[in-house]
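# An overview of the molecular structure
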Amino acid sequence: MSDDLRLSRRLLLAGTAGLTGAALGLGGGARAASGPPGPSVPADTGAVQGGRIVFPNWRDAGDAPPPPPPAPMPPSERVGFAIVGLGRLSLEEILPAFGEAKKAKPVALMSGSPDKARLTAAQYGIPEEAIYGYDQWDRLKANPAVKVVYIVTPNGLHRDNVLAAAAAGKHVLCEKPMANSSAEAQEMVEACKKAGVKLMIAYRCQYEPFNREVVRLARSGEFGRVKMVEAFNGQTTALPEQWRLRKALAGGGALPDIGLYCLNGVRALLGEEPVSIQAQIVTPENDPRFKEVEESVAFTMRFPSGVIAQCGTSYGVHESRSLRVHTTGGSLDLANAFAYRGQRLTVAHRDGGHVQRDEPVLTHKNQFALELDHMAECILGDRRPRTPGEEGLQDMILMEAIYAAARSGQPVTVGPLAGTGQGPDATRGPALEEK
């Protein structure tokens, strides 16, 4: 083949002089199979529109269109986060998630392990002068790059950390459970309000696409009224010396650590608060792991709408994390509901004379990146977070009711968080936008 007949890759991608369209047999204007993209959007090179790079849909009507390219903010414009606590969650999930975030970036670390902090800072491009010890809140306060402090320390330390961050004038993202008691949680909410900073609780599942789809379907009424919900979150635990098995640091056992996902997940699903709770706790005797905290909890919640939710959690079972919603006309079954990844949704419903089982195909997204970006958006747009401090406070009150019901063997009457009213999603901020 002669040089003048050979189409170079560079020339094809440049799309100059209509060559791309001609080479693809599209005539003078590139055209996707599903319709014209418009004269300013070449078929394969794309175009800049509204601050984004866009491409025409190249798929035919038989396939779903591909998602648009990511549109991250320039690093200099992203919201800076200080990570407080460099345990497993921070190092395995949160810091790596910044690589998928579009509006948030890590700019500082706080740790009691200087060697670990220096190594981590080097790995993520954080300057050594932005490393702080737990007694150096005054130094962190003086760092203008830090807009948000993400508290990832053991539960029993959350109160003091949040109060220190608020006093430093920094917005706060706090891991769940919010605290060791509702009294601590209330103090945290009030401190952030007094300091004029935002407080968000890291309920990552409320930002995860599959969980959000279950909420949407359940509330839409597409398959009738919700009647019953089943939620379970269980796993094994081995090392007796880990902080999650020490009551002073954890506040409790399986319930506040992983059972909280069931409690919060059902509340977020229905958008209403329970009116009564029953519960049972079982803990093996003479097991050194459970000298201070419980192993397994089962609790039932009844809601004003008549929905009954049966929830369970355990530190003594093979890993299982499921959410099932039973309605008058179908069922929603979300496998791996509360896991970091691997969600799978099955929707069963009547279709004529038979039962149809569908598996919606959704795009998996990093839950930690989604919550980081949501907090960043709330700072940039001065909005209330979807999961503010009041959301965490209500869960603390309800977990105390669960423990009380288990101790007494009798139902405990509960209700909406004081001062929030009876409306749906009373403890939550504005609904999330679809992206």
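Quantities reported herein were computed from a predicted structural model and do not represent experimental measurements.

Reading the values: rules and limits
Residues numbered from 1 in each chain as written. Predicted model: local features only at pLDDT ≥ 70, side-chain atom pairs only at ≥ 80, totals over all residues. Heavy atoms only, no water. Pairing = 2+ DSSP bridges. Helix = DSSP H or I, 4+ residues; strand = E, 2+ residues; numbered from the N terminus. UniProt positions renumbered as here; feature names shortened; annotations may be inferred. Buried < 20%, exposed > 50% of the residue type's maximum accessible area, 1.4 Å probe, protein only. Right-handed = clockwise from strand over helix to strand, strands pointing away. Patch = residues over 30% accessible without salt bridge, like charges linked within 9 Å, V, L, I, M, F, W, Y side chains within 5 Å. Areas by Shrake-Rupley, 256 points an atom, 1.4 Å probe, with all protein chains shown as cover. Salt bridge = Lys/Arg side-chain N within 4 Å of Asp/Glu carboxyl O. 1 Å grid on protein atoms, 1.4 Å probe; cavity = no way out; pocket = protein on both sides within 12 Å on 5 of 7 lines; lining within 4 Å. Points joined across faces, edges and corners; volume = space filled by probe spheres on them. Nonpolar A, V, L, I, M, F, W, Y, C, P; charged D, E, K, R; others polar. Domains from an automatic or database assignment. Contact = heavy atoms within 4.5 Å. Axes fitted to C-alpha atoms, helices over the stretch in contact; angles between N-to-C directions. Parallel < 35°, antiparallel > 145°, perpendicular 65-115°, else oblique. Phe/Tyr/Trp six-rings, centres within 6.5 Å; stacked < 30°, edge-to-face > 60°. Core = buried A, V, L, I, M, F, W, Y, C linked by side-chain atoms within 4.5 Å.

### Here we look at the sheet that holds strand E6 (residues 148-151)
- Within the open sheet, the 6 strands sit side by side as E5-E4-E3-E6-E7-E8. Their pairing is parallel. With partners counted over all chains shown, the strands left at the sheet margins are strand E5 (131-132) and strand E8 (199-201), one partner each.
- Sheet analysis places strand E3 (residues 79-84) next to E6, joined by 4 bridges and oriented parallel. For Ile83, the partnering residue across the bridge sits in E6 and is Tyr150.

### Side note on the UniProt feature "domain: Gfo/Idh/MocA-like oxidoreductase N-terminal" (unreviewed entry) in the chain
- What UniProt calls "domain: Gfo/Idh/MocA-like oxidoreductase N-terminal" (unreviewed entry) maps, in this numbering, to residues 80-203.
- Annotated as 40% helix and 20% strand, the span residues 80-203 places its first and last C-alpha atoms 20 Å apart.

### With respect to the pairing of strand E7 (residues 171-174)
- Side chains His171 and Leu173 project from E7 onto one buried face, and the interleaved Val172 and Cys174 project onto a second face that is buried too.
- Summarising the sheet, E6 and E7 pair through 4 bridges and their orientation is parallel. If you follow Tyr150 over to E7, its bridge partner there is Leu173.
- On the question of chirality, the crossover connecting E6 to the parallel E7 by way of helix H6 (residues 158-167) is right-handed.

### Remarks on a nonpolar patch on the surface
- A contiguous nonpolar surface patch, about 310 Å² in accessible area, is contributed by Val48, Ile53 and Phe55.
- Structurally, Phe55 can be placed in the loop between strand E2 (52-54) and E3.

### Points about the layout of surface pockets
- Considered as a void within the structure, the second largest pocket measures approximately 1100 Å³ in volume.
- Around the second largest pocket, the lining comprises 43 residues; the ones closest to its centre are Arg88, Leu89, Trp243, Arg244 and Tyr340.
- Breaking the lining of the second largest pocket down by element, the ones donating at least two residues are helix H3 (88-97), strand E9 (226-236), helix H10 (254-270) and strand E13 (316-327).
- Counting residues per element, the lining of the second largest pocket draws most heavily on H3, which supplies 5 residues.
- Along the lines of polarity and charge, the residues of the lining of the second largest pocket split into 18 nonpolar, 14 polar and 11 charged.
- If you count residues domain by domain, the lining of the second largest pocket takes at least three from each of domain 1 (73-201) and domain 2 (203-361 + 387-411).

### Observations regarding the side chain of Glu391
- Residue placement: Glu391 occurs in helix H12 (residues 389-408).
- With residues up to four places along the chain from it excluded, the contact list for Glu391 reads Tyr203, Gln206, Asn264, Arg267, Thr427 and Arg428.

### Some thoughts on the packing of H6 against helix H7 (residues 182-195)
- Running from N to C, H6 and H7 point in directions that differ by 5°, and their axes come no closer than 9 Å. When the interaxial angle is binned, H6 and H7 end up roughly parallel. In contact with His158, Arg159, Val162, Leu163 and Ala166 of H6, H7 contributes Glu184, Glu187, Met188, Ala191, Cys192 and Ala195.
- Of the residues that constitute the contact of H6 with H7, the class distribution is 7 nonpolar, 1 polar and 3 charged.

### Quick notes on the packing of aromatic side chains
- Overall, the coordinates contain 4 aromatic pairs when judged by the stated rule.
- When the ring of Phe81 is compared with that of Phe98, the centres are 5.8 Å apart and the planes differ by 65°; the resulting orientation is edge-to-face. Note that Phe81 is positioned in strand E3 and Phe98 in the loop between H3 and strand E4 (104-110), a separation of 17 residues in sequence.
- For Phe81, a relative accessible area of 0% translates into the label buried.
- For Phe98, a relative accessible area of 5% puts it in the buried group.

### Observations regarding the pattern of salt bridges
- Applying the stated criterion across every chain, the model contains 23 salt bridges.
- Here Lys193 and Glu390 are joined by a salt bridge, their closest N and O atoms 3.4 Å apart. Taken together, the residues span a long stretch of sequence, with Lys193 in helix H7 and Glu390 in helix H12 at a distance of 197 residues.
- Under the relative-accessibility criterion, Glu390 is labelled buried at 13%.
- Taking the shortest distance from any N to any O, the salt bridge between Glu377 and Arg383 comes out at 3.9 Å.

### Describing the nonpolar core
- Counting residues in hydrophobic clusters, the biggest one holds 102 residues, and the most contacted among them are Phe81, Ile83, Tyr150, Leu199 and Phe299.
- Structurally, this core is a two-domain feature, drawing no fewer than three residues from each of domain 1 (73-201) and domain 2 (203-361 + 387-411).
- Not counting residues up to four positions away in its chain, the partners in contact with Ile83 are Ser90, Ile94, Leu95, Phe98, Ala108, Leu109, Met110, Tyr150 and Val152.

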